[in-house]
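# Observations on the model geometry
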Amino acid sequence: MTINADDEQLPYALYGLIDATGHWRAGTLRAIALTADLLTGKVAPAEDAPPGTAGGGTWTRFIGRIGAVALRAAAPFTQEEHRERLLAFLDTWAATPFADPRARLRVGVVATDSWVSRDDNGAAVATYWHFSNRNHRTFVDLRYGEQPPPSLGPVVEVNDVPRGWGSAGQLRTLTELIRERGPMPWDPAAVRELTEGTGMSRAAAALVLAGVPGAGYTRSFPDAAERKIMGISTAEADDARTELRHLDAAARLDLLADVLPADPAELWEPGGAVTLARRIAEQWCGRHGRRVPMPEATFAAALMVADQSMSAAEIWATFTTPAADTRLTRDVDTSLRRNEHGCFLRGDGHLPFDELLCSMPRLIRWAYGELPAGDPVRAGVPEVVRLMRERLSHPGLLLHAGSTPHGDHSIEVLRHTFGHASYPLVDQPTADDGLSIAAPSEDGRYARIFFRPACHDDGDERARLLSAVVSPYGDRSLRAFQWLRGEACERIVERIRTGALPDGRYESDPRAVLPDLVRRVAERHTLTEDAATLYLQLLALPNPTDANIRTWNGWKAPRHRQAMTALVDAALVVQDKRPRAGRTVFLPGGWASAKKLTPMETWKADLLGVTLSYDRTEVRNWRGGLPGTLPDLFTQAWQRAENGHPF
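Below: a short report on this structure. Note that this is a predicted model, so its numbers are computed, not measured. (Residues numbered from 1 in each chain as written. Predicted model: local features only at pLDDT ≥ 70, side-chain atom pairs only at ≥ 80, totals over all residues. Heavy atoms only, no water.)

## Observations regarding the packing of helix 6 (residues 188-198) against helix 11 (residues 272-288)
Contact geometry for helix 6 and helix 11: axes closest at 8 Å, N-to-C directions at 20°. On the basis of their axis angle, the class for helix 6 and helix 11 is roughly parallel. Crossing geometry of helix 6 relative to helix 11 is assigned as right-handed. Of the residues in helix 11, those in contact with Ala189, Ala190, Glu193, Leu194, Gly197 and Thr198 of helix 6 are Ala273, Val274, Ala277, Arg278, Ile280, Ala281, Trp284 and Cys285. Split into classes, the residues belonging to the contact of helix 6 with helix 11 amount to 10 nonpolar, two polar and two charged. (Axes fitted to C-alpha atoms, helices over the stretch in contact; angles between N-to-C directions. Helix = DSSP H or I, 4+ residues; strand = E, 2+ residues; numbered from the N terminus. Parallel < 35°, antiparallel > 145°, perpendicular 65-115°, else oblique. Left-handed = near helix turned anticlockwise from the far one by under 90°. Contact = heavy atoms within 4.5 Å. Nonpolar A, V, L, I, M, F, W, Y, C, P; charged D, E, K, R; others polar.)

## Quick look at the sheet that holds strand 1 (residues 104-111)
If you walk across this open sheet you meet the five strands as 2-3-4-1-5, and the pairing is antiparallel. Bordering the open sheet on either side are strand 2 (116-119) and strand 5 (155-160), each of which pairs with just one other strand. Neighbour-to-neighbour, the strand axes of this sheet turn through a mean angle of 20°, independent of strand direction. In this structure, strand 1 lies alongside strand 4 (residues 133-143), joined through eight bridges in antiparallel fashion. Its bridge partner lying in strand 4, Val110 is registered against Arg137. (Pairing = 2+ DSSP bridges.)

## Notes on the environment of Gly145
Looking at the secondary structure, you find Gly145 in the loop between strand 4 and strand 5. Spatially, the C-alpha atom of Gly145 lies 7.7 Å from that of Gly122, the residues being 23 residues apart in sequence. Ignoring any residue separated from it by four or fewer positions in sequence, one finds Gly145 in contact with Arg104 and Asn121.

## Notes on the side chain of Asp7
Tracing the backbone shows Asp7 in the segment before helix 1 (10-14). In this structure the side chain of Asp7 is engaged in a polar contact, spanning 2.9 Å, whose partner is the backbone nitrogen of Gln9. Setting aside its immediate chain neighbours within four residues, Asp7 contacts Arg25, Ala26 and Arg85. (Polar contact = N/O pair within 3.5 Å; in protein donor to acceptor, adjacent residues only side chain to side chain.)

## Regarding helix 21 (residues 487-497)
Of the positions making up helix 21, those classed as buried are Ala488, Cys489, Ile492, Val493 and Ile496. Take helix 21 and look down its axis: the buried residues cluster within an arc of 135°, on one side only. Those residues of helix 21 that are buried lie in contact with helix 15 (350-370), helix 16 (376-379), helix 17 (381-392) and helix 20 (476-484). Looking one or two places after helix 21, you find Gly499, whose phi comes out positive at around 65°. (Buried < 20%, exposed > 50% of the residue type's maximum accessible area, 1.4 Å probe, protein only. Arc of directions from axis to C-beta.)

## Here we look at the packing of aromatic side chains
What the rule picks out here adds up to 13 aromatic pairs. Note on Trp59 and Trp93: the rings are 6.1 Å apart at their centroids and 85° apart in plane angle, and the pair reads as edge-to-face. One end of the pair, Trp59, is in the loop between helix 2 (28-40) and helix 3 (67-74); the other, Trp93, is in helix 4 (residues 80-94), with 34 residues separating them in the sequence. We classify Trp93 as buried; its relative accessible area is 0%. Ring centres of Phe62 and Phe89 lie 5.4 Å apart, and the angle between their planes is 70°; this geometry places the pair in the edge-to-face category. Residue Phe62 is found in the loop between helix 2 and helix 3, and its partner Phe89 is found in helix 4; the two are separated by 27 residues along the sequence. (Phe/Tyr/Trp six-rings, centres within 6.5 Å; stacked < 30°, edge-to-face > 60°.)

## Let's talk about the pattern of salt bridges
If you walk through the whole model with that rule in mind, you get 38 salt bridges. Two residues, Arg479 and Asp475, come together in a salt bridge whose shortest N-O distance is 2.8 Å. Among the charged side chains, a network of salt bridges with common partners joins Asp331, Glu383, Arg386, Glu390 and Arg391. (Salt bridge = Lys/Arg side-chain N within 4 Å of Asp/Glu carboxyl O.)

## A short note on the packing of helix 9 (residues 234-243) against helix 13 (residues 312-320)
The N-to-C vectors of helix 9 and helix 13 enclose an angle of 55°; their axes lie 7 Å apart at closest approach. Regarding the angle of helix 9 to helix 13, the classification is oblique. Every residue of helix 13 that contacts helix 9 at Asp239, Thr242 and Glu243 is listed here: Ala312, Ala313 and Glu314. Of the residues that constitute the contact of helix 9 with helix 13, the class distribution is two nonpolar, one polar and three charged.

## A word on helix 17
Over its 12 residues, helix 17 extends 16 Å from the first C-alpha to the last, a length consistent with the 16 Å expected when each residue adds 1.5 Å. Those residues of helix 17 that fall on the buried side of the exposure criterion are Val381, Pro382, Val384, Val385, Leu387, Met388, Arg391 and Leu392. (Expected span 1.5 Å × (residues − 1).)

## As for the sheet that holds strand 9 (residues 431-432)
With respect to topology, four strands assemble into an open sheet ordered 8-11-10-9, the strand pairing being antiparallel. Pairing within the sheet leaves two strands with one partner each, and these edge strands are strand 8 (399-403) and strand 9. In terms of strand pairing, strand 9 meets strand 10 (residues 436-440) through two bridges, oriented antiparallel. Bridge pairing in strand 10 places Ala431 opposite Ala438.

Set out below in structure tokens:
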């Protein structure tokens, strides 16, 4: 297949190493080559036009960092049509002074109307208008001797460019090897080396070794065949992208700029990929530090609760080394500001902190109930809670509590409710009672509510008012704050801190926490200990999937099936197949489905604080999660069943 290597598809081959496709259009390579020719005097300048769009002039960031592009070109998982474009990019680059380590180059910003300036000392070429000021232009200059090159105008900013891997000879050798031998061979040992050396997950290490393709890649990457070779699942690949999301294009270029061997042929030698991984690990640790690698069992468990806001590796790091997480150790000052849409919060670090706060109840309940005693993540819960409570007691922190339901929420009504004091830092009318701040919408049909966590006291009438006026939807920060300060969280922390559970056992296994209750259930229904254990788990737990039950109880499939059969024979459960349930036995009675949340029997919705649809057929909201410790939950569930609460 013959393609135009300088077409509009080139940006997609570079995606992840550039900020966005934007100005990266067809003609990028021609623009870079023209800039080089203007610098070296091969072509005469045209004062009235730029040399080309070429990424809005941002292509200059590849100077000294072309090694990242070279790694992408050599990586075994790069699409062949992308590889051909990357090779053309490297061919073009090798023919420019940007690949000459002796060239004395600078990049910067200049206030000018000119595009090119050249004299006997060198040349300067403006590459595009600067994004922040149309009177400024980005530029690159080349000095021939000791004297400075000519200037296009007053220099606003200038920097010498880094000089890393990527001489013309290295680039030509690499491209020839790729064309002759194909991409470098894949070596799983390189993934292990990078994982051990950095603490990143296996999937993240695999993506880094593949050149860190961005989310805008033109097809699903990695696909099924590539994931099989890498040894990762779809969920692991998605989680890896979340883990690496903090790396912007510039950070990816810096990370991979100087990791290739001086002799590119080493990449095809035995152990070449492992040596490459070792170099990447050194670069990574110098920039981001090293984490303790996560045990596979903990990673598999964390993957089930990881999401786009927090990867499995980030969960591991937060709970095992909380002192290194600035969201837990640095107070955040926030204040109310106004724009055309109304009042909003502003403050350095506010969004990352709020994101962590809203995730805390879910993650703490998971670590407590679904990880074994002795697991480092579970053991880290008390310290994480302590640090989070410290941050929440900071007087300068203001959080969004949600909004009021639609109705009459004019400023007059709000001041009748919250008092006549106003928040001083915005010119919009507000009502401020010292704990809560109410800011009406433009039409007065609802109000945004903000609160000061440090001023919250459960015994204060203002706290009761805050909970009463906020809509049950959109109040995640308030609910998370209340849960972290509440009795359920404190009892969970105490269970973990006191070591009440033997190492290796799970709190979700009632035999480990309430053996007397298991015996009572077995006697009441003439069951084996295993069947009584499973029955309690089905009564109380939100997600007693087959996989979870076997993990928590340490059962193999035959033992699990025997317990299920005993419950079916006793007419305590029914067998069925239900979407997203992950199991085949259920309590009798109604069932609430769910597309994103956990589907479950309607019988335990009230027990777990789950809101169902009006017809009780769908899970709509899970506000409370586990209302207390698991021993409490098992006890309450059994009391409901023993008292004849209808299924």
